[in-house]
Amino acid sequence: MTKQLDADQLLASLNDPQREAVVTTDGPLLLLAGAGSGKTSVMTRRIAYLTNVKKLDPWNILAITFTNKAAREMNERVRQWIGDAADDMWMCTFHAMCVKILRREARHLDFTPTFTILDADDQASMIKQCMLDLNHDIKKYDPASVQWIISAAKNELLTPATFVATGTRPVDTIVRGVFAAYDHQLRRANALDFDDLIGKTVLLFETFPDVLKTYQEKFLYIHVDEYQDTNRAQYQLIRMLSKEHHNVCVVGDADQAIYRWRGADRANLDYFERDFPTRKMIKLEQNYRSTDTILKAANAVIQNNQNRVEKSLWSTKGTGEKIAVYAAQDAEDEAIYALSKIQAHVGEGGRFSDCTVLYRANAQSRAVEDVLLQAAIPYHVVGGMTFYDRREIKDVMAYLRAIANPQDEISLLRIINVPKRSIGEGSIRKLLDYAHDEDLTLMDAIKRAKLVDQLKSAEQVARFAEMIEHLQERMIGATVTEFLHDVLRTSGYREMYAQSSKEEDRTRLENIDELDRITRSFDRRRRGTVLDFLAETSLMTDVDRNENDERDAMRLMTVHASKGLEFPVVFVLGVEETVFPHSRSLDTIDGVEEERNLFYVAVTRAKDKLHLSYCLERSTFGQVHMNDPSRFLQEIPEEYTERTGADPVQEARFEIGMTVRHPQYGVGVVTDLSGVGEEQMLTITFRSKYGTKEIVPRITRLRVLG
DNA sequence: GTCAGAGTTTTTTTT
DNA sequence: AAACTCTGAC
């Protein structure tokens, strides 16, 4: 194959801006890519262009994606162009990249390559423990808020030494101290949390310029996808790595910035212009995904954001069907609506997997699941209570972690008495105190159980220590699957559930078997170490996890989880004020605008058919609320929609003697009325204990019963 | 160490 | 309304 032919092939079927983006390889490039504008195609061809035409070594290319799944997909698509050489490239998330770097360079910082990665749960319990150690009243100070503030600080590259509390709430006064204690505990446990992965890599590069230099010389061409959702620390990383050669291509869309609450700063788009003044900019505005109707609706909605750079997507896919807007009575009715449309779709020869239900918050999946379960529709929930959150899976993973990283105290505490080994609360306390007094790790204290004063269960603890040491030897050279089997057998963990006849425990056994399938697939794919396996699983996102599910099933997920994906038929549920936009985002303009971005993301996932629905009544915490249809719904011009369901605007005429139902007070009779239109006020006598109340129908949605 | 019953909390979004 | 956590009796 000649060089020229390759270039022609690579550029075939691309539009002009796309082609320019592929061949503009040198120097900084800002690629503004609207939803569905074929940016993945551009990215993969750009990488293929670098290797095939510019004859670059794949080893010198870095591509950072938002999820592991996106990385895998990109790898497969690049593979079509360049074959196995694709494996030499680093294509991964920021976090995965940092783990790879930190495992190699751990010795430069204060930990070993066996470090554990703390998940949000472990992080929460460690912070809570630190607060207890510092004698803070966790009733008074919410550990979750502390966790939140520390995470935000780390995203800004702050340390306990440089952190200054900016808030004025009571918790803000204690955060700094907890931050310091938490940092100390992490060090003791040889553990890093998610934010550290990025932060410590930045620290590594700042402190050891020669280490930075080797990576600068390695990553000659850098690509960053979903750039609008990078945070400050991540941007810093990109800047450092590309400082010498400036070959950095960032791809983003400010309208799809939806992670500000996690420290993402779309101002990084502006900083890029500031820090790379020679940057070129290319806009991709042709959408290949959605119908014209869907796109026009999305454009109309996003126009309402004041804080934005004008950009307008256009499509050549044809008008398509109108957007269905359904006013549901309640969440169950809403779910039944989706169900009936899905059944119709499949009845016409479509697949369940064409259909995806999106919602603002995980809790909304429940009503849909109930209905789908009853109707025996195959479905898969992405996110929520995931596989790795289950107790048995966390236990088994804790075994792997404790054995791989003996400093991992949290994991050790989790398993020391599971299954029961008669090592009780008191014994554990004594071991911890001993470790503290002798300046040892908990594992070392366990190994010296016989030396601990007054330790009743010394015999059992010693046996536990032997078991862990035995397993540590077994880990060497074993595949992850072999090792997993060893752990399950030697620890008696599997036996614990195998003996039980409870239905719940049978499910747990099945989950353990599922874990076995996962390690097998890992061994086949990578043949990595136990540490690699642990790193991979702790960095997996919800979207990554349903890879193994190959049934024809429909999917349920949050709008956040749907980012970057596309589906022929999309349902967006709960398009109501206080749900979407969420009530907790209504205080600030930025908050509402980010919700609008999120709605824009939801709408632009749909290729052919979009259903939007809202409920007249919604119950939350056992309380019924009546929400107005979302403002975003009003922002879509009527001509693109087709409305069904209950009349969204109830123009009820009230009269004395009429029976009505109030969402909270129940059924009552109108005994008096005054004012007209929006000013109208009713006096209603309720049958319930609430008696007589004055009600403004403009604010409270009453149902007329007769 | 287990269990029943009381009391409390839950709904943003997640690498 | 349902799920979780705590507490005290066995």
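Notes on the structure in this doc start here.

Calculation rules
Residues numbered from 1 in each chain as written. Chains lettered and ligands numbered in written order. Predicted model: local features only at pLDDT ≥ 70, side-chain atom pairs only at ≥ 80, totals over all residues. Heavy atoms only, no water. Helix = DSSP H or I, 4+ residues; strand = E, 2+ residues; numbered from the N terminus. Expected span 1.5 Å × (residues − 1). 1 Å grid on protein atoms, 1.4 Å probe; cavity = no way out; pocket = protein on both sides within 12 Å on 5 of 7 lines; lining within 4 Å. Points joined across faces, edges and corners; volume = space filled by probe spheres on them. Nonpolar A, V, L, I, M, F, W, Y, C, P; charged D, E, K, R; others polar. Pairing = 2+ DSSP bridges. Axes fitted to C-alpha atoms, helices over the stretch in contact; angles between N-to-C directions. Buried < 20%, exposed > 50% of the residue type's maximum accessible area, 1.4 Å probe, protein only. Polar contact = N/O pair within 3.5 Å; in protein donor to acceptor, adjacent residues only side chain to side chain. Contact = heavy atoms within 4.5 Å.

**A word on helix α21 (residues 480-491)**
Spanning 12 residues, α21 covers 16 Å between terminal C-alpha atoms, matching the ideal 16 Å at 1.5 Å per step. Following α21 by one or two positions, Gly492 has its phi on the positive side, about 80°.

**Details of empty space enclosed by the protein**
Counted under the stated rule, the structure contains one cavity of 30 Å³ or more. Put simply, the largest cavity is a space of about 90 Å³. Contributing to the lining of the largest cavity are Asp110, Phe111, Asp183, Leu186, Arg187, Asn190, Ala191, Leu192, Asp196 and Lys200. With three residues, the top contributor of residues to the lining of the largest cavity is helix α8 (residues 172-188). A per-class count over the lining of the largest cavity returns four nonpolar, one polar and five charged.

**Quick word on the sheet that holds strand β8 (residues 280-284)**
Strand-to-strand pairing in sheets goes through backbone hydrogen bonds, with the strands running parallel or antiparallel. Overall, parallel pairing links the six strands, which are arranged β3-β2-β6-β7-β1-β8 in an open sheet. Sheet topology places β3 (90-93) and β8 at the edges, where each strand pairs with a single neighbour. With strand direction ignored, the average angle separating the axes of adjacent strands in the sheet is 15°. Bridge analysis of strand β6 (residues 221-224) against strand β7 (residues 248-252) gives three bridges, and the strand direction is parallel. Bridge pairing links Val224 to Val250 in β7.

**With respect to helix α14 (residues 331-347)**
When the terminal C-alpha atoms of α14 are compared, their 24 Å separation across 17 residues agrees well with the 24 Å that a helix rising 1.5 Å per residue should span. Looking at α14, one finds that the buried residues are Glu334, Ala335, Tyr337, Ala338, Leu339 and Ile342. Two to three positions downstream of the cap, the backbone nitrogen of Glu332 sits 3.2 Å from a side-chain oxygen, assigning the N-cap of α14 to Asp330. Backbone geometry just after α14 places Gly349 at a positive phi near 95°.

**A short note on the side chain of Asn287**
Here Asn287 lies in strand β9 (residues 286-287). Since its relative accessible area comes to 1%, Asn287 is described here as buried. At 2.8 Å, the side chain of Asn287 and the backbone nitrogen of Ser290 are in polar contact. When residues no more than four places from it in sequence are discounted, the contact partners of Asn287 are Ala35, Gly36, Ser37, Leu295, Leu313, Trp314, Ser315 and Thr316.

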